[in-house]
Amino acid sequence: MAGRYGGQDVRAIARYANLEPTGTTTTFDEDELIRLINRMVTGPGTRIYCGTEMLTQMQIRLKDKTNVYFTRDQGLDAGGPVLRFNGFPVHKVQQILDTETAIS
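The structure contained in this document is the topic of the report that follows. (Residues numbered from 1 in each chain as written. Predicted model: local features only at pLDDT ≥ 70, side-chain atom pairs only at ≥ 80, totals over all residues. Heavy atoms only, no water.)

## So, the overall build of the protein chain
Summing up its helical and strand segments, the protein chain has two helices and six strands in all. Ordered by position from the N terminus, the helices and strands of the protein chain form the series β-β-α-β-α-β-β-β. Residue burial in the protein chain is summarised as follows: out of 104 residues, 27% are buried. The contacts of the protein chain with a sequence gap of at least 6 include a subset with a gap of at least 24, amounting to 56%. Total accessible area computed for the protein chain in this model is approximately 7,400 Å², and 52% of it derives from carbon and sulfur atoms. (Helix = DSSP H or I, 4+ residues; strand = E, 2+ residues; numbered from the N terminus. Buried < 20%, exposed > 50% of the residue type's maximum accessible area, 1.4 Å probe, protein only. Contact = heavy atoms within 4.5 Å. Areas by Shrake-Rupley, 256 points an atom, 1.4 Å probe, with all protein chains shown as cover.)

This is the structure:
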């Protein structure tokens, strides 16, 4: 089957890379995440996993009153409120480092 690897659809995996902790040109951009998600195969189990810097930049967007993509569940999931981007839960993963080499 095209697009399948070991029973999993590889179109369900994507990476948003090259975010810098500081600066103005390589910071988190909601438009890029929307493009990435729309190229993927998504479903009820779709999750967004990110490192500290991307999560921080997402949370900063959450506080903006004009924000239409970010929400925070008031209910508890895995011990606390869950940030969501366009309905998809966002989870911090300690193993995703903000100091990884940029991808060209």
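## Notes on helix α2 (residues 52-62)
Along α2, the positions that sit buried rather than exposed are E53, M54, L55, Q57, M58 and R61. Looking at the packing, one finds that the buried side of α2 touches α1 (30-39), β3 (48-50), β4 (70-72), β5 (83-85) and β6 (88-92).

## Quick notes on the pairing of β6
Alignment of β3 against β6, held across three bridges, turns out to be parallel. The residue bridging Y49 from the neighbouring strand is H91, located in β6. Of the strand pairs in this sheet, β5 and β6 are connected by three bridges, and their pairing is antiparallel. Looking at the pairing, L83 lines up with V90 of β6. (Pairing = 2+ DSSP bridges.)

## Here we look at the sheet that holds β4
The four strands are arranged β3-β6-β5-β4 in an open sheet whose pairing can be described as mixed. The sheet is open, and its two borders are formed by β3 and β4, each paired with just one other strand. Neighbour-to-neighbour, the strand axes of this sheet turn through a mean angle of 35°, independent of strand direction. Along the sheet, α1 contacts β3, β4, β5 and β6; its crossing angle with β5, the most-contacted strand, is approximately 70°. Together, β3, β4, β5 and β6 form the strand contacts of α2, whose direction differs from that of β4 by roughly 90°. (Axes fitted to C-alpha atoms, helices over the stretch in contact; angles between N-to-C directions.)

## Quick notes on the environment of F28
With respect to the helices and strands, the residue F28 is situated in the loop between β2 (8-9) and α1. In this structure the C-alpha to C-alpha distance between F28 and T56, which are 28 residues apart in sequence, comes to 9.5 Å.

## Some points on α1
Among the residues of α1, those classed as buried are E30, L33, I34, L36 and I37. Each buried residue of α1 sits inside an arc of 165° when the element is viewed along its axis, so together they form one side. Every exposed residue of α1 that faces more than 90 degrees away from the buried side is listed here: N38 and R39. The inward-facing, buried residues of α1 contact β3, α2, β4, β5 and β6. (Arc of directions from axis to C-beta.)

## A word on the side chain of E30
You can see E30 is positioned in helix α1. Those residues in contact with E30 that sit more than four places away from it in its chain are R61, F70 and F85.

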